[in-house]
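Residues per chain are reported as follows:
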Amino acid sequence: MTPTTPDHLVTRFAPSPTGHLHIGGARTALFCWAFARSHRDARGRPGRFMLRIEDTDAARSSDESARGILEDLAWLGIDWDDGPSLHYQGRTIGGDERHVGPFFQAQRRDTYDRYIRQLVEQERAYPAFERAEELDAKRREATAKKQTYRYDRAALSIPLPDRLRRMASGEPHVVRLRAPDDALVVHDEVLGDVTYAAGEMDDFVIRKADGFPTYHFAVVVDDELMGVTHVLRAQEHLNNTPRHVALQRALGFRTPVYGHMPIIMNMDGSKMSKRDKARAARKAAKDAMAKDPKMTAELLADSTALDVATVNGFLAAESDAVETAELFGRHFGVALPEVEIWDFRRSGYLPEAIVNFVALLGWNPGMKTADGKDLEKFDAAFLAERFSMDRIGRGNSKFDRSKLLNFNAAAIGGLSDEQFARRWLEWMLEHEAEAHRVVSKLPHDRLLLLARALKPRAKTFREALRSAAFVFTSDEGFPMDMAAVGKHLLANDKAGVGVLREFKPRLAAMADWSPEAITGALEGFAKEKGMPNPGSIAQPLRVALTGSGVSPGLGETMAVLGRESSLRRIERCVAELGA
Ligand code: GLU
């Protein structure tokens, strides 16, 4: 049964556009979306899910990041009712039906200024004119005395008319909230009551010297004006919440329902973050340097076109820049751990697998499968129907990459050949244009055969592409894995080459070139020759056809290549190695 709430329920996802959408952000968005979708209010109106872009940090925000985040959400199938409009695959997501926009905070500065002025006039907030250096000196002094620095409220001694005059004259200043002196209790739907002791809160800044509101201020004003009733966000924000409640009280606003979601951890117990990429890249570089004493930071800088200071800073963990990490990753040929939705897209994960997996990061439906196991496999529609806040866990959630890979493999395995072919091609178009050019030219029946060959083994679309390498090589010359050549073709006095020579006329004479017929012929041949296992014929063939000892099923591989190509490859191999 769909739960009802008295008021029109509104949840929101409020990313800062300072980079790609992080997996944790995707989880927040998904839970907010599912929560809105799973509710009706007393008048039967479905909950609304809103998207707001928090771009008040002008130096770090970019339109490009904002657009990337919208696209990642759309790719995941998380559509928002209110928010910036996005045209995605022929439809429009977002809009401003409730007239609560604009949804970019940088465009709402007049609104924030109005409320700031109100608070200053009511003496609930005040301008502070100290220069940054003055405050830094005081901060250092406190640190030296092993005290926690807090603003000393010096600016409170300025009379109100002077405050207003100095603000109006354009004198540089920040605006601070006069923090409440008594204890504050935040009720959290997941964690219960969280108490903050009297005097714990400082007079924090609500408008910065550059005139932009701080995150705390903008978020509180917008949640009120945009009618947000439920704030679901990560536990990292829990300690911001008393500030938000204090602001709501000062402004005479409602307090929405809060629910803070568990922190997402790596399996080793560290917090999952963008830094994981830097850690992996740094390790790769250090391992390589340890192995090869000639590889110095200077050399590394040279070959990556970075300056030495950047390389040294990165190696010394002074910087975790993602761009440097990715450059190092490419340079050393190591795959960095995926952290952002874009990484998972590029690696060839399916959105339905990600949604299913992410839904389990801190939530579960509390249901059993027919064989008594915890129900873990479900789709977005199930989540939209069943999601409830009371099943959000309190403890940290673990990001189990091998489980995600298994989810993805199962999702790929569940596609029809037709679906696999279409979606794999779409993926290539976006991430591997050159491969797309080749694969999209395959006749449709061969493409479907290829899909059938790749699907059962590929855990990601990228893995499928790797297994399909034989499609991209020309019959005349492609690199051979020399270890496989030695083992399967040259060993035992070129036994493998002999097998190929003998088997080739049979293949040439076959009327039916289907995977089944080819497999049948292979098995028949092996039996007839009394071969102890079919590998004795399969492996030499595999190496001849693909250059490697690993490929999808041979019947499919040959069917995809076609008769002519297959025979030519065998011939080439016999000619080159047979003498
Ligand atoms: N802009 C904040 C972030 O990206 C949103 C926090 C909130 O939901 O209040 O973390």
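*Asks:* Sorry if this is basic, but what is going on with the site of the ligand here?
*Replies:* The local shell around the ligand consists of R12, A14, P15, S16, E54, Y215, V219, R233 and H237. R12 has a polar side-chain atom sitting 2.6 Å from an oxygen atom of the ligand. Here an oxygen atom of the ligand sits 2.8 Å away from a polar atom, N or O, in the side chain of H237. The protein chains hide 80% of the 300 Å² of surface that the ligand would expose on its own. Considered class by class, the residues forming the shell around the ligand number four nonpolar, two polar and three charged.

*Asks:* Would you mind showing me how to read the nonpolar core here?
*Replies:* In a soluble, globular protein the nonpolar side chains are often hidden away together inside. Counting residues in hydrophobic clusters, the biggest one holds 160 residues, and the most contacted among them are I206, F217, W424 and L541. With 10 residues, the single largest contributor to this core is helix 1 (residues 23-37). For F217, the contacting residues outside a window of four places in its chain are Y112, Y115, I116, L119, I206, L247 and L251. Judged by nonpolar contacts, the second largest core, of 17 residues, contains A284, A285, V311 and F314.

*Asks:* Just checking my understanding: could you explain the sheet that holds strand 11 (residues 205-207) for this structure?
*Replies:* Paired through backbone hydrogen bonds, the strands of a sheet run either parallel or antiparallel to each other. Spatially, the three strands line up as an open sheet ordered 7-8-11, and their pairing is antiparallel. Two strands in the sheet have a free side with no partner beyond their single neighbour: strand 7 (125-128) and strand 11. Averaged over neighbouring strand pairs, the angle between their axes works out to 45 degrees when direction is ignored. Two elements, strand 7 and strand 8 (residues 174-177), share four bridges in a ladder whose sense is antiparallel. Looking at strand 8, one finds that Y126 is bridged to R176.

*Asks:* What should I look at first to understand the packing of helix 22 (residues 535-546) against helix 24 (residues 563-578) in this one?
*Replies:* Helices that pack against each other are described as a pair by the angle of their axes relative to one another and the distance between those axes. Put simply, helix 22 and helix 24 touch, their axes get as near as 8 Å, and they point 100 degrees apart. In this view, helix 22 runs roughly perpendicular relative to helix 24, as classed from their interaxial angle. Between helix 22, through L541, A544 and L545, and helix 24, the contact on the second element is made entirely by S566, R569, I570 and C573. Residues that form the contact of helix 22 with helix 24 fall into these classes: five nonpolar, one polar and one charged.

*Asks:* When you look at the side chain of S551 in this model, what are you seeing that I'm missing?
*Replies:* For S551, the position within the fold is in the loop between helix 22 and helix 23 (554-561). We classify S551 as buried; its relative accessible area is 7%. At 2.9 Å, the side chain of S551 forms a polar contact with the side chain of R542. If sequence neighbours within four positions are ignored, S551 has contacts with R457, R542, T546 and T557.

*Asks:* Would you mind showing me how to read the pattern of salt bridges here?
*Replies:* According to the stated counting rule, one finds 57 salt bridges in the structure shown. Between E338 and R401 there is a salt bridge whose closest N-O contact spans 3.3 Å. Of this pair, E338 sits in the loop between helix 11 (322-332) and helix 12 (341-347) while R401 sits in helix 15 (residues 401-413); the two residues are 63 residues apart in sequence, bridging distant segments of the chain. Several salt bridges converge on common partners, so that one network encompasses R12, R52, E54, R108, D222 and D223.

*Asks:* How should unusual backbone geometry be read in this particular structure?
*Replies:* If a residue is not glycine, its phi is most likely negative; likewise, a peptide bond is most likely trans. Going from G101 to P102, the amide bond is cis rather than trans, its omega being 0 degrees. Residue Q89 is not a glycine yet carries a positive backbone phi of 45 degrees. Position of Q89 relative to the elements: it lies in the loop between strand 5 (83-88) and strand 6 (91-95). Phi at A317 takes a positive value of approximately 60 degrees, unusual for a residue other than glycine. By relative accessible area, A317 is classed as partly exposed at 42%.

*Asks:* What is the right way to read the pairing of strand 4 (residues 48-51) from this model?
*Replies:* On a regular strand, each side chain points to the face opposite its neighbour's, so the side chains alternate between the two faces of the sheet. By the alternation rule, side chains of strand 4 split into R48 and M50 and F49 and L51, which are all buried. For strand 2 (residues 10-13) and strand 4, the ladder comprises four bridges, and the chain directions are parallel. Paired with F13 across the two strands is L51, which belongs to strand 4.

*Asks:* How should I be thinking about the pairing of strand 12 (residues 230-234) in this particular structure?
*Replies:* Among the five residues in strand 12, five count as buried, and that is most of the element. By the bridge criterion, five bridges tie strand 12 to strand 13 (residues 257-261) in an arrangement that is parallel. Within the sheet, the bridge partner assigned to A234 lies in strand 13 and is M261. Crossover connection from strand 12 via helix 7 (residues 241-251) to parallel strand 13: handedness right-handed.

*Asks:* What should I look at first to understand the side chain of S347 in this one?
*Replies:* Looking at the secondary structure, you find S347 in helix 12. Contacts of S347, omitting those with residues within four sequence positions, involve E338, W427, T460, F461 and R462.

*Asks:* How should I be thinking about helix 10 (residues 308-315) in this particular structure?
*Replies:* Count 3.6 residues to each turn of an α-helix, and residues three or four apart come out pointing the same way. Residues V311, G313, F314 and L315 constitute the buried set of helix 10. On the buried face of helix 10, the contacting elements are helix 8 (275-291), helix 9 (297-304) and helix 11. Just downstream of helix 10 lies A317, where phi reads positive at about 60 degrees.

Quick notes on the rules
Residue positions are given per chain, counting from 1 as you read along its sequence in written order. The model is predicted, so local features are restricted to residues of pLDDT at least 70 and side-chain atom pairs to those at 80 or more, both for listing and for counting; the totals for chains, interfaces and linings are taken over all residues. To get the side-chain values, all heavy atoms of the structure are used, and hydrogens and water are removed first. Here, proximity means that at least one heavy atom of the residue falls within 4 Å of the molecule or strand. Any pair of nitrogen or oxygen atoms within 3.5 Å is treated as a polar contact; in protein, a donor-acceptor pairing is required on top of that, and neighbouring residues in sequence qualify only through side-chain atoms on both sides. Areas reported here follow the Shrake-Rupley algorithm with a probe of radius 1.4 Å; residue values treat only the protein chains shown as occluding. Put simply, Ala, Val, Leu, Ile, Met, Phe, Trp, Tyr, Cys and Pro go in the nonpolar bin, Asp, Glu, Lys and Arg in the charged bin, and everything else, Gly too, in the polar bin. Within this scheme, the nonpolar core is defined by two criteria: the residues are buried Ala, Val, Leu, Ile, Met, Phe, Trp, Tyr or Cys, and they are joined through side-chain atoms within 4.5 Å. Exposed residues in this analysis have more than 50% of their type's maximum accessible area, buried residues have under 20%, and partly exposed residues fall in between, with area computed by a 1.4 Å probe over protein chains only. To qualify as a helix, a DSSP run of H or I must reach at least 4 residues; to qualify as a strand, a run of E must reach at least 2; elements of each kind are numbered from the N terminus. Here a residue-residue contact requires only that any non-hydrogen atoms of the pair lie within 4.5 Å. The criterion for strand pairing is that DSSP finds at least two bridges linking the strands in question. Interaxial angle, 0 to 180 degrees, is taken between N-to-C directions of lines fitted to C-alpha atoms, where a helix line uses only the stretch in contact. An angle below 35 degrees is treated as roughly parallel, one above 145 as roughly antiparallel, one from 65 to 115 as roughly perpendicular, and anything else as oblique. The term salt bridge refers to a pairing of a side-chain nitrogen on Lys or Arg with a carboxyl oxygen on Asp or Glu at a separation within 4 Å. Here, the term right-handed applies to a crossover whose path from the first strand over the helix to the second runs clockwise when the strands point away from the viewer.

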